[in-house]
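# Fold and contact review
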Amino acid sequence: FGESAPNNHSKVKFGAIHVVDLGKALQYTPAGDREKMMYVIGHGASSPFSPQSWMQGSEIYLARVRPEIQAVNDRSSWDFYG
C-alpha cells in the first residue's frame, strides 16, 4: 500500500490486513455498492508512539477493490478510507 516503516521509526496504517468475509461469491456485499467489492481492514496507527498489532492497533482502516487479480495488484484500483 505504499507505506513503509524504516528502522521501525514510523507507523503504518495497514500493519495487519484482514479480508472481510462477505459470504460465498460476495453474496452479502453492502447494498450501496454498485458492483461486488472485496473489503479489507487494517489495524495500525498514525502516531509513532501507538501500537499497531492486530490486537492492539490504535486505529482501524478500511479499503476496497474489485475482486479481480489485476485490480487487487493495481494500487490505483483501491478505495481507501480512514
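Residues numbered from 1 in each chain as written. Predicted model: local features only at pLDDT ≥ 70, side-chain atom pairs only at ≥ 80, totals over all residues. Heavy atoms only, no water.

Attention now goes to the pattern of salt bridges. This structure, assessed with the given rule, holds 3 salt bridges. Two residues, Asp33 and Arg64, come together in a salt bridge whose shortest N-O distance is 2.7 Å. Taken together, the residues Asp33 in the loop between β1 (16-19) and β2 (38-44) and Arg64 in strand β3 (residues 59-65) connect sequence positions 31 residues apart. Side by side, Asp33 and Arg64 carry an identical accessibility label, which is buried. Of the charged contacts, one joins Arg66 and Glu68 as a salt bridge, the two residues approaching to 3.4 Å between their closest N and O atoms. (Salt bridge = Lys/Arg side-chain N within 4 Å of Asp/Glu carboxyl O. Helix = DSSP H or I, 4+ residues; strand = E, 2+ residues; numbered from the N terminus. Buried < 20%, exposed > 50% of the residue type's maximum accessible area, 1.4 Å probe, protein only.)

Right, let's talk about the nonpolar core for a bit. Of all hydrophobic cores here, the largest spans 8 residues; its members are Phe14, Met38, Val40, Tyr61, Ala63, Val65, Ala71 and Trp78. Of all the secondary-structure elements, those providing two or more residues to this core are β2 and β3. Top contributing element to this core by residue count: β3, with 3 residues. (Core = buried A, V, L, I, M, F, W, Y, C linked by side-chain atoms within 4.5 Å.)

This paragraph deals with unusual backbone geometry. Phi is positive for Ala25, which is not a glycine, with a value near 55 degrees. Residue position: Ala25 is located in the loop between β1 and β2. In the Ramachandran plot, Leu26 falls in the positive-phi region, its phi being about 55 degrees despite a non-glycine side chain. For Leu26, the location among the structural elements is in the loop between β1 and β2. By relative accessible area, which is 17% here, Leu26 ends up buried.

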